[in-house]
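# Analysis of the macromolecular model
Chain by chain, the residues:
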Amino acid sequence: MHLLLSPMQQTDKLISPSVNWGSLTPLLVLLGAGLVLLVGAALSARGWAKGLYATLTAAAAVAAGVLQFVLWNSTVHHGPKSLVGEALVVDGPSLFIGISICAALLLAALVTDDYLRREDIDSPEVYGLYLMAALGGLVMAASNDLIVLFLGLEVLSIALYVLAASHRKRIESQEAGLKYFILGGFSSAFFLYGVALVYGATGTTRLRGPESIKTALALTVETDKHRALLVVGVALLLVGLAFKVAAVPFHSWTPDVYQGAPTPVTGFMASAAKAAAFGALLRSVVLSMPELRDDWRPAIWVLAILTLVIGSTLAVVQTNVKRMLAYSSISHAGFILVGIEAAAHGGESGDRGIASVLFYVLTYAVLVSGTFAVSTLVGRSGDGAHGLDSYRGLGRQRPVLALALAVFLLAQAGVPLTSGFVAKFSVITAAADASSYAIAIIAMLAAVIGAFLYLRIIVSMFLEDGDAEGERVSIPFGTGAAIGISVAFTLVVGFFPGWLLELARDAATRLY
Amino acid sequence: MLLNQFLLLGAILFAIGVYGVVARRNAVLVLMSIELILNSVNINLLAFALRNGGDPTGHTFALYVIAVAAAEVGVGLALVLLVYRNRRSIALDELSEMKG
Amino acid sequence: MLTDQNWVLSVGVFLPLAGVLVMMFIPKSDELLVKFVGLLAALATLGIGIYTLAEFDYGQAEKLQFAVNTSWIDVIHSRYIVGLDGLSLPLYILSMVITVLVMIYSWNHVPSPGNPKAFYMLMLVLQVGMAGTFVAQDLVLFFVFFEIVLLPMYFMIGVWGGENRQYASLKFFLYTMFGSAFMLVAFLALFFKTGGTTFSMTQLADLVQQKYAEGGLTSTTMNLIFAGMALGFAVKVPMFPFHTWLPDAHTQAPTQGSVILAAILLKLGTYGFVRIALPILPQAAKVFAPWIGLLSVIGIIYGAWCCLAQTDMKRLIAFSSVAHMGFVMLGISTLTSYGINAAMFGMVAHGLITGMLFFVAGSVKDRYHTLEIKRLSGMLKQVPKLGWIMGFAAMASLGLPGLAGFWGEFPAILSAFEPAKGNVDLAIGPLSVNLYRTFMIIASIGTVFAAGYLLWLYQRTAFGTPTAEFAGLGADADDQDDHAHGAHDAHEGAEDTGHADGHHEKLHDVGIFEWIAWAPMLAAIVFFGVYPQAMFKVFDPAVSLISKKFGG
């Protein structure tokens, strides 16, 4: 009986933590904008002027991004710090991934505006959900406590379930939403069970810092007792996160959901959700449980190789471009896992691995947003024209659009002078530095197989005879801007990657 | 010490839940199975919290899980309803618009 | 005196990009302007190349000249290092010349489905990649250029190629990427095993020896790194077991693509061996040399046999490339100054001669709409000039003394008589003399085969009387008009290769653009055949620097 009472006896000892509001501003901006959108739109009888929702969302994304830059500068001067009683951190990786998510949010907002008009859907909720999802992603990337990580994960996931189903006129969209929900909920449950076991073994849910999982693991005497518990817990954590990043063999939801969800949402899922999930993987396992790395690194190794090989081979046999891109996003996840594997080695090569993961996440977020932006346009009204046939002759009909897509696809294939090449290069470099040559070679070979897929799309755009089916593809301003930004970023980073690599390196070393 | 029994109960619930998700084709039943897993987590968390001398972390976490689970069920049922309205069926294996 | 004009190489490499930029803003329909700008860009680039030739200090051909060493991607220690020595100069210039000539040839030979704008732009991009590969002195920079080459060639084959173009282009792409995968990992392994400080080729060569002496780099590691690099280069060469992409790519590629592929792209592989693999990892090179030699002679014999079995002229020439590159690799594998010099010469000679053969094959295809050897006959009667040029190129290819081909082939065989003696300082033992003499004998048999298939090809296509199908269409034409009609019907189904005049019936002889494009190559084949010293003396200092490591 006294056991049940004890938490109550402790209540007088609970002190509310000091909150550093300034460092929370990026989160608050997203939260505030989301609430304003949802509440404001619900209260105003006639709805807002067209475009205002998207403008507000984009403005919030930019503001949150800029605020994170400001925080970045403060970490340069004052070092990384923790907030709200060690629940959140402001450090290099969290800000870097946060900025990636904000970039993805901005691009998604630009594309979605045009998309919703074309599909004649009037829904401020979509933007509200985008903002909430981004908020959840930011929290995941910045969390220093498994509870907070879980909350971020759920905020992100629940928003995405609804987003995936948000095209009410397309039955595929609803199916995608339900499928995503079932498998997402399942994986969250796994993750949660893992959290519970890790908590049981270490007695805490805090990840780093004093009295955290990391310090608990360092005291091997304590943890050896619960080693089995711990290992099973970490395994379940990995399963849950592997679902979220779409690593093989936990990828089965990806093709269906990517294909069914409204195309701009797919782009957002592939960029922001993936970035957040990798941020969480980095925080919860790689950075917090280095003592246990001999147990989980082989798992990452296997995941990476399976993801690379299966992702790129299955991509080749698809005929629906959104499905192809889904599998290609799986194989990109494999590449990032190669970086994670390198990061797992710790020390200097570990830093290189973290930096390569961060770099890859950011460049891929922009790339994939751009790719799906083009795919949104090619989908035409009804969002259904995603077969390879729909791309046939695009080079003649819309040469600039086709060229932009070609740039994205070549970058995804890892062709030099694009950001994708530098990203792949840095991941492979990290793997070589960590002496994981086998994985480096397999990654390169997977890139070769993957290249085939991207070339297939390019070939049908430029080389195959016949005109694109259906109506002429129109390019509205917002989407055009998003594509333009993405192309510019892809090429600039491709030609002059130095500054961004350096930022990623800085971020990796500036760790709480 | 009751801890092991609690953990065992949690593990059994977890296993039943996983079985339910994998084997059931009715979306609502799958949803309930996920709930079962979440509740097994709660039992685990409380048991561990007790073991750790009534550590508030575990209790807090369990409260959060209950809240999140409620939110999840809300969204999940809404999605099921949406699909049901269109298809007049909530069997998961009949969701076959997409193939590849 | 070494010149300090460090802008020369960067301009020479990237000038074609300026042409590409300008061409982007020219409407596709203005074909003449497009071609003009493209050719102008290539000519300007060649102008820079000629300036480079003039300013190059031949007295110090072993040193890197026009060198630039400036920061590029500091984070990964990769720097923008370019430089030109005697090893790269001839190939660098060759790439520029070939691009110009191919563009001239394309003036009225843009293959189906047309679109000269894209075609010329691709050639310019290709030129950037090729020239860049030859001047890059940093492994990452080298890799970037090496990869850039891939895409334009992929599109060239994939868009403008023959019926099986999709398959061939893909095979080409995947094979090369496959090799590159291993190459890149080998580069990175080298980088980290030497302390992770530099990708500079010259510094790495020193670092490797230093680490090896200190024991920080085992010979097993070095062998593995060498194997990775060798795989990447061997696919590109292509050496025997990795050659299967070549016949398909050549057969399906448009004439221009085949010429560039044969003349320059294949050389990237052999150049890589000489520039990177040998000097940086001499110990491992010695270990692998006999195997490379073995694969080379297999390639020589196998290539020749395959040639004898071909029914398609272009495919035959493609297989002859496998054999010829075998001679080049045999020269390299001896690790002697003599052998590597011969190999370098062989690269340029093969580029000129095989390039020429592909040009001829393209023109034959243009006129006869077929390359099937048994359907062609009596070219000397119908299109005498083309026939003679083909005979000339075939003679050069089989290594007739007095023409450039001889100096690539004969010394390469001879060099195998006396392979590298080894270098005690670097702990490199001698290569087995008996083994190499066996190679020498096999390779000499290969030359007999080469004479066999080339003369056979020439005899069947050029001599004799024209086949009934084409009779009366060429210079021998007088009264057989009804035949002409039948022949026309025969290639109704075949692809229209874009003849301006539309008169497929008449076989006209070598045209003006063909003459302009071919004359420099023909002249060069004769010039370097008569006066090989002109090129040897450029190579030799740089080659000696490499072969010294092996005691040559």
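Note that the coordinates shown come from a computational prediction; the quantities given were computed from them, not determined experimentally. (Residues numbered from 1 in each chain as written. Chains lettered and ligands numbered in written order. Predicted model: local features only at pLDDT ≥ 70, side-chain atom pairs only at ≥ 80, totals over all residues.)

### Comments concerning the nonpolar core
- Ranked by size, the top nonpolar core spans 466 residues in total, and within it L358 and A443 of chain A carry the most contacts.
- It is helix α14 (residues 337-368) of chain C that provides the largest number of residues to this core, a total of 19 residues.
- Both of domain 1 (1-280) and domain 2 (284-489 + 506-552) of chain C provide at least three residues apiece to this core. (Core = buried A, V, L, I, M, F, W, Y, C linked by C-beta atoms within 7 Å. Buried ≥ 20, exposed ≤ 12 C-beta atoms within 10 Å, placed from the backbone. Helix = DSSP H or I, 4+ residues; strand = E, 2+ residues; numbered from the N terminus. Domains from an automatic or database assignment.)

### A look at the UniProt feature "transmembrane region" (unreviewed entry) in chain B
Residue and element names in this part refer to chain B.
- Annotation from UniProt places "transmembrane region" (unreviewed entry) at residues 6-22, 29-49 and 61-84.
- Helix makes up 100% of residues 29-49 and strand makes up 0%, while its end C-alpha atoms are separated by 30 Å.
- As a span, residues 61-84 carries 100% helix and 0% strand, and end to end its C-alpha atoms are 34 Å apart. (UniProt positions renumbered as here; feature names shortened; annotations may be inferred.)

### A look at helix α13 (residues 293-316) of chain A
Residues and elements named next belong to chain A.
- Its 24 residues place the ends of α13 34 Å apart at the C-alpha level, agreeing with the 34 Å of an ideal helix rising 1.5 Å per residue.
- If you check which residues of α13 are buried, you get R297, I300, L303, A304, I305, T307, L308, G311, S312, L314 and A315.
- Buried residues in α13 make contact with α10 (227-245), α14 (321-343) and α19 (437-462). (Expected span 1.5 Å × (residues − 1). Contact = placed C-beta atoms within 7 Å.)

### A look at the interface of chain A and chain B
- Counting from both sides, the interface comprises 39 residues of chain A and, opposite them, 40 residues of chain B.
- Contributing elements (two or more residues each) for the side of chain A that touches chain B: α1 (2-10), α6 (146-164), α7 (171-202) and α11 (253-260) of chain A.
- Top element by residues in the side of chain A that touches chain B is α7 of chain A. It accounts for 17 residues.
- Here the side of chain A that touches chain B is built from residues that sort into 20 nonpolar, 13 polar and six charged. (Nonpolar A, V, L, I, M, F, W, Y, C, P; charged D, E, K, R; others polar.)

### Digging into the interface of chain A and chain C
- With 22 residues of chain A in contact, the opposing surface of chain C contributes 23 residues.
- Going through the elements one at a time, α18 (419-433), α19 and α21 (498-509) of chain A are the ones with two or more residues in the side of chain A that touches chain C.
- Residue contributions to the side of chain A that touches chain C peak at ten residues, all from α19 of chain A.

### Considering the domain arrangement of chain C
Residue and element names in this part refer to chain C.
- Taken domain by domain, chain C comprises domain 1 (1-280) and domain 2 (284-489 + 506-552).
- Its C-alpha centre places domain 1 at a distance of 22 Å from the equivalent point of domain 2.
- Facing 47 residues of domain 1, the contacting portion of domain 2 comprises 48 residues.
- For the side of domain 1 that touches domain 2, the secondary structure elements donating two or more residues are α3 (89-106), α9 (219-236), α10 (245-252) and α11 (255-280).
- Here the element with the most residues in the side of domain 1 that touches domain 2 is α11; it accounts for 14 residues.

### What about helix α4 (residues 92-119) of chain A?
Residue and element names in this part refer to chain A.
- The end-to-end C-alpha distance of α4 is 40 Å, a good match for the 40 Å that 28 residues give at a rise of 1.5 Å each.
- Within α4, the axis deviates most sharply at T112, by approximately 25°.
- In terms of burial, α4 is a largely internal element, 25 of the 28 residues being buried. (Bend = angle between axes of the 7 residues up to and from the residue.)

### Some thoughts on the pairing of strand β2 (residues 78-84) of chain C
All names here are of chain C.
- β2 sits mainly inside the fold: six of its seven residues count as buried.
- Alignment of strand β1 (residues 65-73) against β2, held across six bridges, turns out to be antiparallel. Looking at β2, one finds that V68 is bridged to V82.
- Linking β1 back to β2 in an antiparallel pair, the connection comprises four residues, with H77 at a positive phi of about 60°. (Pairing = 2+ DSSP bridges.)

### Here's the deal with unusual backbone geometry
- Cis geometry is found at the peptide bond from V248 of chain A to P249 of chain A, where omega equals 5°.
- Secondary-structure assignment places P249 of chain A in the loop between α10 and α11.
- Omega for the peptide link from V237 of chain C to P238 of chain C comes to -10°, which places this bond in the cis form.
- When you line up the elements, P238 of chain C lands in the loop between α9 and α10.
- Residue F66 of chain C is not a glycine yet carries a positive backbone phi of 55°.
- With respect to the helices, strands and loops of the structure, F66 of chain C is situated in strand β1.
- Even without a glycine there, the phi angle at H369 of chain C is positive, about 60°.
- Its place among the elements puts H369 of chain C in the loop between α14 and α15 (379-382).
- Take H369 of chain C: there are 21 C-beta atoms within 10 Å of it, and that puts it in the buried class.

### Concerning the packing of α10 of chain A against α13 of chain A
Residues and elements named next belong to chain A.
- It is the contact of α10 with α13, at a shortest axis distance of 10 Å, that shows an interaxial angle of 25°. Comparing their axes, α13 and α10 come out roughly parallel. In the packing of α10 onto α13, the handedness of the crossing is right-handed. The residues of α13 that touch α10, namely those facing V231, V234, A235, L238 and A242, are D295, W296, A299 and L303.
- Across the contact of α10 with α13, the residue classes tally to eight nonpolar, no polar and one charged. (Axes fitted to C-alpha atoms, helices over the stretch in contact; angles between N-to-C directions. Parallel < 35°, antiparallel > 145°, perpendicular 65-115°, else oblique. Left-handed = near helix turned anticlockwise from the far one by under 90°.)

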